[in-house]
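Here's the letter readout for the chains.
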Amino acid sequence: MKLGGGNRRPDTGYKMEDEVLHETNREKDLGVDMTPNLSPEAHIKRRTTAAYASMANINIALKNLSKESFRTLFNTYVRPFLKYAAPAWSLFLVKHKMKLEKVQRYASRLVLKLRSMSYEKRLRKMRLTSWNTGELKET
C-alpha cells in the first residue's frame, strides 16, 4: 500500500529478497484496517459487522433479556467490537459516530420491556451513554 501520492513522487517498486511486493488498497495491522487515504471507513465497517453478528447470536440464544442481563452481554460481547483500536481511528466525523450509534440503537431494542421507549430513555435505563456525547462509559 502506498500512502500519499503526487506528481513529483516517483513510482517505486519495493522488493523483499528479490521478490517484487504487490501494491494493495488495504492493509490490516494489529486488527486495524488501513487504506491509502487513512480513512477509518473499512475498519468501522468490519467492527460494526462483527458487533451485529454478536448481537444476532445473543438474540437467537436469549429472547427475553432483562436490562441487567442485556447490559452485561452488551458490555462483554458487543462493546469490545465497537471500541477495538479506538485511539487509532478517533471519531472525528459525525458519520462514523452515527454508524456506531446505529449499532447501539439496534442493540438496545433487544430488551423487550424497553422497546417502546425512546432511545435516550433506553440508554438511561441501561446506564449507557450515547456515542454522540462522548466515549461509552461503563458505570
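What you see is a predicted model, and the numbers here were worked out from it, not measured in a lab.

## Let's talk about the overall build of the protein
Scanning the protein from N- to C-terminus turns up four helices and four strands. The secondary structure elements of the protein, listed N-terminal to C-terminal, are β-β-β-β-α-α-α-α. Within the protein, buried positions represent 32% of all 139 residues. Counting only carbon and sulfur atoms, one obtains 54% of the accessible surface of the protein, whose full area is about 9,600 Å².

## A closer look at a nonpolar patch on the surface
Together, Tyr-14, Met-16 and Leu-21 make up a nonpolar patch on the protein surface, roughly 350 Å² of accessible area in all. Within the secondary structure layout, Leu-21 lies in the loop between β2 (19-20) and β3 (27-29).

## Here's the deal with the side chain of Arg-122
Locating Arg-122 in the fold gives a position in helix α4 (residues 119-126). Buried and unpaired, Arg-122 has no salt bridge, with Glu-120 as the nearest side chain of opposite charge at 7.6 Å. When sequence neighbours within four positions are dropped, the list of residues in contact with Arg-122 reads Arg-105, Ser-108, Arg-109, Leu-114, Arg-115 and Met-117.

## Focus on the environment of Gly-31
Turning to its location among the elements, Gly-31 is positioned in the loop between β3 and β4 (32-34). Considered as a pair, Gly-31 and Tyr-84 are 53 residues apart in the sequence and their alpha carbons are 8.4 Å apart. Leaving out residues up to four positions away in the same chain, Gly-31 has contacts with His-43, Arg-46 and Tyr-84.

## Overview of helix α2 (residues 67-83)
For an α-helix, 3.6 residues make a turn, and residues three or four places apart therefore share a direction. Its 17 residues give α2 an end-to-end C-alpha distance of only 21 Å, which falls more than 12% under 24 Å, the value for a rise of 1.5 Å per residue. Restricting attention to buried positions, one finds in α2 the residues Phe-70, Arg-71, Leu-73, Phe-74, Asn-75, Val-78, Arg-79 and Leu-82. Where the residues of α2 are buried, they touch α1 (41-61), α3 (94-108) and α4.

## Let's talk about the pattern of salt bridges
For the structure shown, the criterion picks out two salt bridges. One connected set of salt bridges, linked through shared partners, spans Glu-41, Lys-95 and Lys-99.

## Focus on the confidence of the model for the protein
Summarising the model, the protein shows a mean pLDDT of 78, and 81% of its residues fall at 70 or more. Averaged pLDDT values over the elements of the protein bottom out at 71 in β3 and peak at 88 in α4. Long-range and interchain partners of residues 135-139, a stretch whose pLDDT sits below 50, account for 15 contacts in this model, where long-range means more than four residues apart.

## Describing the environment of Lys-113
By the element assignment, Lys-113 lies in the loop between α3 and α4. Spatially, the C-alpha atom of Lys-113 lies 8.6 Å from that of Leu-65, the residues being 48 residues apart in sequence.

## Overview of the nonpolar core
In this structure, Phe-70, Phe-74, Val-78 and Leu-82 are the most contacted members of the largest nonpolar core, which totals 21 residues. Secondary structure elements with two or more residues in this core: α1, α2, α3 and α4. Residue contacts for Val-78: discarding those within four places in its chain leaves Ala-51, Ser-54, Met-55, Ile-58, Leu-73 and Val-103.

## Overview of α1
Along its 21 residues, α1 runs 30 Å from first to last C-alpha, staying within 8% of the 30 Å computed at 1.5 Å per residue. Considered for burial, the residues of α1 that qualify are His-43, Ile-44, Arg-47, Thr-48, Ala-50, Ala-51, Ser-54, Met-55 and Ile-58. All buried residues of α1 fall inside an arc of 160° around its axis, so they share one side. Exposed and facing more than 90 degrees away from the buried side of α1 are Lys-45, Asn-57 and Ile-60. Looking at the buried residues of α1, the elements they touch are β4, α2 and α3.

So, how was this worked out
- Residues numbered from 1 in each chain as written.
- Predicted model: local features only at pLDDT ≥ 70, side-chain atom pairs only at ≥ 80, totals over all residues.
- Heavy atoms only, no water.
- Helix = DSSP H or I, 4+ residues; strand = E, 2+ residues; numbered from the N terminus.
- Buried < 20%, exposed > 50% of the residue type's maximum accessible area, 1.4 Å probe, protein only.
- Areas by Shrake-Rupley, 256 points an atom, 1.4 Å probe, with all protein chains shown as cover.
- Patch = residues over 30% accessible without salt bridge, like charges linked within 9 Å, V, L, I, M, F, W, Y side chains within 5 Å.
- Salt bridge = Lys/Arg side-chain N within 4 Å of Asp/Glu carboxyl O.
- Lys, Arg positive; Asp, Glu negative; His and termini not counted.
- Contact = heavy atoms within 4.5 Å.
- Expected span 1.5 Å × (residues − 1).
- pLDDT = per-residue confidence, 0-100.
- Core = buried A, V, L, I, M, F, W, Y, C linked by side-chain atoms within 4.5 Å.
- Arc of directions from axis to C-beta.

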